[in-house]
Amino acid sequence: MKHTQARNVVERTFDLLKMRWGILHSPSWYPIKMANEIIMACCFLHNYIRLQMEVDPLEGGLDEYMSTEANEDGTNNIDVESHDMTPEWTTWRDNLAQDM
């Protein structure tokens with residue numbers, strides 16, 4: 001996956017989280033550790049909602065939301081359907097989860 005594609009995945013993810021969780025709408029004044037915990041909590045709650053709901057109504061509005069935003073170079077975001085996780089990423093993610 002190219003850097004720009006990975007960046008689009010991350011931006012799309014944060015846009016979806018910002019649509020759902022008001023605390024992410026503005027810059028955080030919390031200490032870095034607390035800000036990371038808030039973001040992780042939002043991700044966990046989002047994933048729980050996805051497990052409980054067959055259709056997430058926010059995801060339908062995400063494409064509309066994303067189409068109004070352009071990249072810094074003026075081009076539109078490119079949707080990336082999936083990406084391959086490396087063993088290093090999986091280990092890092094698992095270690096992060098264990099530390100929580």
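See above for the structure.
Quick look at the structure, then. Predicted, not measured: the structure shown is a model, and the values here were computed from it.

Per the counting criterion, the structure on display carries 3 salt bridges. Among the salt bridges present, the one from R7 reaches E11, with a minimum N-O distance of 2.8 Å. With R7 and E11 both in helix α1 (residues 3-20), this residue pair falls 4 residues apart, about one helical turn. K18 is the salt-bridge partner of D15, the closest N and O atoms lying 3.8 Å from each other. Here D15 pairs with K18, and both are found in helix α1, just 3 residues apart, close to one helical turn. Looking at D15, the relative accessible area reads 6%, which means it is buried.

Turning next to the packing of α1 against helix α2 (residues 32-52). The interhelical angle for the contact between α1 and α2, taken along N-to-C directions, is 85°, at an axis separation of 11 Å. With respect to each other, α1 and α2 are oriented roughly perpendicular. Contacts from F14, L16, L17 and R20 in α1 reach I39, C42, C43, H46 and I49 in α2. A per-class count over the contact of α1 with α2 returns 7 nonpolar, 1 polar and 1 charged.

Scoring rules and cut-offs
- Sequence order as written defines residue numbering, which begins from 1 separately in each chain.
- Local features are withheld for residues below a pLDDT of 70 in this predicted model, meaning they are given only at 70 or higher, and side-chain atom pairs are given and counted only at 80 or more; totals for whole chains, interfaces and linings count all residues.
- No hydrogens and no water enter the side-chain calculation; it runs on all heavy atoms of the structure.
- Between Lys or Arg on one side and Asp or Glu on the other, a salt bridge is scored when a side-chain nitrogen of the former is within 4 Å of a carboxyl oxygen of the latter.
- For helices the rule is a DSSP run of H or I covering at least 4 residues; for strands it is a run of E covering at least 2, with both sets numbered from the N terminus onward.
- Each residue is assigned to one of three classes by its accessible area relative to the maximum for its type, calculated with a 1.4 Å probe on protein chains only: buried under 20%, partly exposed between the two thresholds, exposed over 50%.
- A fitted line through C-alpha atoms serves as each axis, taken over the contacting stretch for helices, and the angle formed by two N-to-C directions is quoted from 0 to 180°.
- Throughout, the term roughly parallel applies to angles under 35 degrees, roughly antiparallel to angles over 145, roughly perpendicular to angles from 65 to 115, and oblique to all others.
- When checking whether two residues touch, look at their non-hydrogen atoms; a contact exists if any pair is within 4.5 Å.
- Gly is placed with the polar residues, together with every amino acid not listed as nonpolar (Ala, Val, Leu, Ile, Met, Phe, Trp, Tyr, Cys and Pro) or charged (Asp, Glu, Lys and Arg).

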